[in-house]
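Letter by letter, the chains look like this.
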Amino acid sequence: MPEGPSIVILKEELQSFKGKKVVEVSGNAKIDLQRMQNATILDFKSWGKHFLICFDGFFLRIHLLMFGTYHINETKDQAPRLHLRFEEGEFNFYTCSVKLMEGHVNDYYDWEADVMSDEWNPQKADRLLKLKSVEKVCDVLLDQQLFSGVGNIIKNEVLFRIKVHPESLVGELPAAKRKEMIKEARTYSFDFYYWKKAYELRQHWLIYKQKECPRCKIRTHHGYIGKTNRLTYFCSNCQIEYVAAVPTGKKKKISTS
DNA sequence: TATAATGTTTGAAC
DNA sequence: AGTTCAAACATTAT
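Residues numbered from 1 in each chain as written. Chains lettered and ligands numbered in written order. Predicted model: local features only at pLDDT ≥ 70, side-chain atom pairs only at ≥ 80, totals over all residues. Heavy atoms only, no water.

**Q** How should I be thinking about the protein's contact with DNA strand C in this particular structure?
**A** Every residue lining DNA strand C is accounted for by Phe 67, Lys 76, Gln 78 and Thr 95. Near the protein, meaning within 4 Å, the atoms of DNA strand C are sugar or phosphate in a fraction of 53%, with bases accounting for the rest. Residue Lys 76 places a side-chain N or O atom 2.8 Å away from a phosphate oxygen belonging to DNA strand C. The class makeup of the residues in the surface near DNA strand C is one nonpolar, two polar and one charged. (Near = heavy atom within 4 Å. Polar contact = N/O pair within 3.5 Å; in protein donor to acceptor, adjacent residues only side chain to side chain. Nonpolar A, V, L, I, M, F, W, Y, C, P; charged D, E, K, R; others polar.)

This is the structure in structure tokens:
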């Protein structure tokens, strides 16, 4: 059940298998499992919520979706979607999407879009955000092309931190606020990462699943918001809604260009 | 026990 | 033909 930071943790947990040869492969994934037999793992990579196992000339793309799990040097009482065994140790993935991709990861992924990546490019994100002026902030934060790795929890917490109402329109945000959202998407993702590793993620939730606002103590609101229709918590007192000014009834002069 | 949840893809329907 | 949206997938905690 991962957002981007959880996949980075997964990558770290598997580091000891880097350079190791697969001696046994099985699972109910609908791919050609034999491609992995005797193949050596060159590297593990991640792009947002995608976990990538790199071999020579191809790679596996694993997405844990909502309920995916994995076990390292352990098994679960359930048939694995993908089981890889090595001379020493094994790892198993369950309830996930597994795809075998031909070629190299660099030919598929734009690392600059991954909020957890060293190559994350906030200027590029800003440039792309400006093209989404009529979208709501709660939707663009979940756009994996823009903020790869950001999931629903991060979305909720980022918007609370920057005091922006989830239904705000991107085009109505002051430029400084827009940049703050981009900056916080990464900053909060790293906080999420450290807290998750310490098994204390939940206790740091300020708005997500909270009954009252930790700042002003009023009751929070929540609902399924935006075109993404995901559960969103917010404080209507602390989070400003940036929306187009309501028409006054007077006709506005339309500029002719 | 029924429900909802850290997500994405697919294909029907418009 | 392009878009929109419900359904599908699948597991576990509350």
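Having seen it, we continue.
**Q** Would you mind showing me how to read the domain arrangement of chain A here?
**A** Interface extent is often summarised as the accessible area lost during association of the parts. Segmenting chain A into domains produces domain 1 (4–109) and domain 2 (112–234). Centre-to-centre, using C-alpha coordinates, domain 1 lies 29 Å away from domain 2. The interface of domain 1 with domain 2 comprises eleven residues on the first partner and 16 residues on the second. Across the domain 1 to domain 2 interface the summed buried area is about 1000 Å²; carbon plus sulfur atoms make up 63%. Between domain 1 and domain 2 we count one salt bridge in total. (Domains from an automatic or database assignment. Contact = heavy atoms within 4.5 Å. Buried area = accessible area lost by both parts, 1.4 Å probe. Salt bridge = Lys/Arg side-chain N within 4 Å of Asp/Glu carboxyl O.)

**Q** Even after reading the chapter, I still don't get the sheet that holds strand 1 (residues 24–26), so can you show me in this structure?
**A** Sheet strands line up and pair through hydrogen bonds in the backbone, either parallel or antiparallel. On the basis of which strands lie adjacent, the open sheet formed by four strands has the order 1-6-7-5 and antiparallel pairing. Single-partner strands in this sheet number two, and they are strand 1 and strand 5 (69–72). The mean inter-strand angle of the sheet, taken between neighbouring strand axes irrespective of direction, is 5°. Pairing of strand 6 (residues 82–85) with strand 7 (residues 90–94), which is carried by four bridges, proceeds in the antiparallel orientation. Counterpart to Arg 85 in the pairing with strand 7 is Glu 90. (Pairing = 2+ DSSP bridges. Helix = DSSP H or I, 4+ residues; strand = E, 2+ residues; numbered from the N terminus. Axes fitted to C-alpha atoms, helices over the stretch in contact; angles between N-to-C directions.)

**Q** What is the right way to read unusual backbone geometry from this model?
**A** The backbone of Asn 73 sits at a positive phi, close to 55°, despite the residue not being glycine. Along the chain, Asn 73 falls in the loop between strand 5 and strand 6. One non-glycine residue, Thr 95, adopts positive backbone phi at about 50°. With respect to the element layout, Thr 95 can be found in the loop between strand 7 and strand 8 (97–102).

**Q** Can you help me understand the packing of helix 2 (residues 122–129) against helix 5 (residues 175–197) in this one?
**A** It is the contact of helix 2 with helix 5, at a shortest axis distance of 10 Å, that shows an interaxial angle of 130°. By the angle class used here, helix 2 and helix 5 are oblique. Once helix 2 is placed against helix 5, the crossing between them reads as right-handed. Contacts between helix 2 and helix 5 involve Pro 122, Ala 125, Asp 126 and Leu 129 from the former and Arg 178, Lys 179, Met 181 and Ile 182 from the latter. In the contact of helix 2 with helix 5, the residues fall into five nonpolar, no polar and three charged. (Parallel < 35°, antiparallel > 145°, perpendicular 65-115°, else oblique. Left-handed = near helix turned anticlockwise from the far one by under 90°.)

**Q** So what exactly am I meant to see when it comes to the packing of aromatic side chains here?
**A** For any pair of aromatic rings, the description consists of the separation of the ring centres together with the inter-plane angle of the planes. Counting across every chain of the model gives 19 aromatic pairs. Each ring, one from Phe 91 and one from Phe 93, has its centre 5.9 Å from the other, and the planes form 90°; the classification is edge-to-face. We classify Phe 93 as buried; its relative accessible area is 1%. Aromatic side chains Phe 190 and Tyr 193 sit 6.3 Å apart centroid to centroid with 65° between the ring planes, which places their arrangement in the edge-to-face category. Highlighted residues: Phe 190 and Tyr 193, both in helix 5, separated by three residues, approximately one helical turn. Judged by its relative accessible area of 8%, Tyr 193 is buried. Its end group placed over the ring of Phe 58, Arg 35 keeps NZ or CZ at 4.5 Å from the ring centre. Over the ring of Tyr 94 we find Lys 76, and its NZ or CZ is 5.3 Å from the ring centre. (Phe/Tyr/Trp six-rings, centres within 6.5 Å; stacked < 30°, edge-to-face > 60°. Buried < 20%, exposed > 50% of the residue type's maximum accessible area, 1.4 Å probe, protein only. Lys NZ or Arg CZ within 6 Å of the ring centre and 35° of its normal.)

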